[in-house]
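Each chain is listed here by its residues.
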Amino acid sequence: MKEFLLIIKTDGCVWTDLSPEELQAHMEHGGAYIGELMKDGVIKAANPVEKTGSRVVTGSNDTLKDGPFNESKELVAGFFHINAKDMDQAVAIAKKNPIFNDIRTTIEVHPLMPIGG
């Protein structure tokens, strides 16, 4: 198995842009999706990312920039760290994420490079 990082980017924020009823449905569908990944032994970690308080550090000259960083509404909403046999399986896992039904979303699928022995 290989490790992949799925970076979830949304146009807006599910926590603030959805109605209470939509947010409740989102939580239920997301919980079921994560439960399925856990049952299949695929998921290593997953977390939403806070909308505020991020920083970008560049170079070694103490340059620091407060977020948000994008000119558009798109923001990093969270991540999944998963195991998959290959990129095709990782993409298939990403495509099943129910967030696509709730808010405009892009999921980047990145293979992680093993380090060391």
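This text goes with the structure placed above it.
Residues numbered from 1 in each chain as written. Predicted model: local features only at pLDDT ≥ 70, side-chain atom pairs only at ≥ 80, totals over all residues. Heavy atoms only, no water.

Caption draft 1: Spatial organisation of the environment of Val76. With respect to the helices, strands and loops of the structure, Val76 is situated in strand β5 (residues 74-84). Excluding anything up to four places from it in sequence, Val76 contacts Ile7, Ile8, Lys9 and Val49. (Helix = DSSP H or I, 4+ residues; strand = E, 2+ residues; numbered from the N terminus. Contact = heavy atoms within 4.5 Å.)

Caption draft 2: Expanded view of helix α3 (residues 87-95). Among the residues of α3, those classed as buried are Ala90, Ile93 and Ala94. End-on, the buried residues of α3 take up no more than an arc of 100°, which puts them together on one face. Relative to its buried face, α3 has exposed residues pointing more than 90 degrees away, namely Asp88 and Lys95. For α3, the secondary structure elements touched by its buried residues are β1 (2-11), α2 (20-39), β5 and β6 (105-111). Its side-chain oxygen 3.2 Å from the backbone nitrogen of Asp88, Asp86 forms the N-cap of α3. (Buried < 20%, exposed > 50% of the residue type's maximum accessible area, 1.4 Å probe, protein only. Arc of directions from axis to C-beta. Polar contact = N/O pair within 3.5 Å; in protein donor to acceptor, adjacent residues only side chain to side chain.)

Caption draft 3: Fine view of the pattern of salt bridges. Counted by the stated rule, this structure contains four salt bridges. Lys44 is the salt-bridge partner of Glu3, the closest N and O atoms lying 3.8 Å from each other. In this pair, Glu3 is assigned in strand β1 and Lys44 in strand β2 (residues 43-48), connecting sequence segments 41 residues apart. Glu3 sits in the partly exposed class, given a relative accessible area of 31%. On the accessibility criterion, Lys44 (45% relative accessible area) is partly exposed. A salt bridge links Lys39 to Glu36; its shortest N-O distance comes to 3.1 Å. Of the two residues, Lys39 and Glu36 are both situated in helix α2; the distance of three residues between them amounts to about one turn of the helix. (Salt bridge = Lys/Arg side-chain N within 4 Å of Asp/Glu carboxyl O.)

Worth remembering: the numbers are spatial, not functional.
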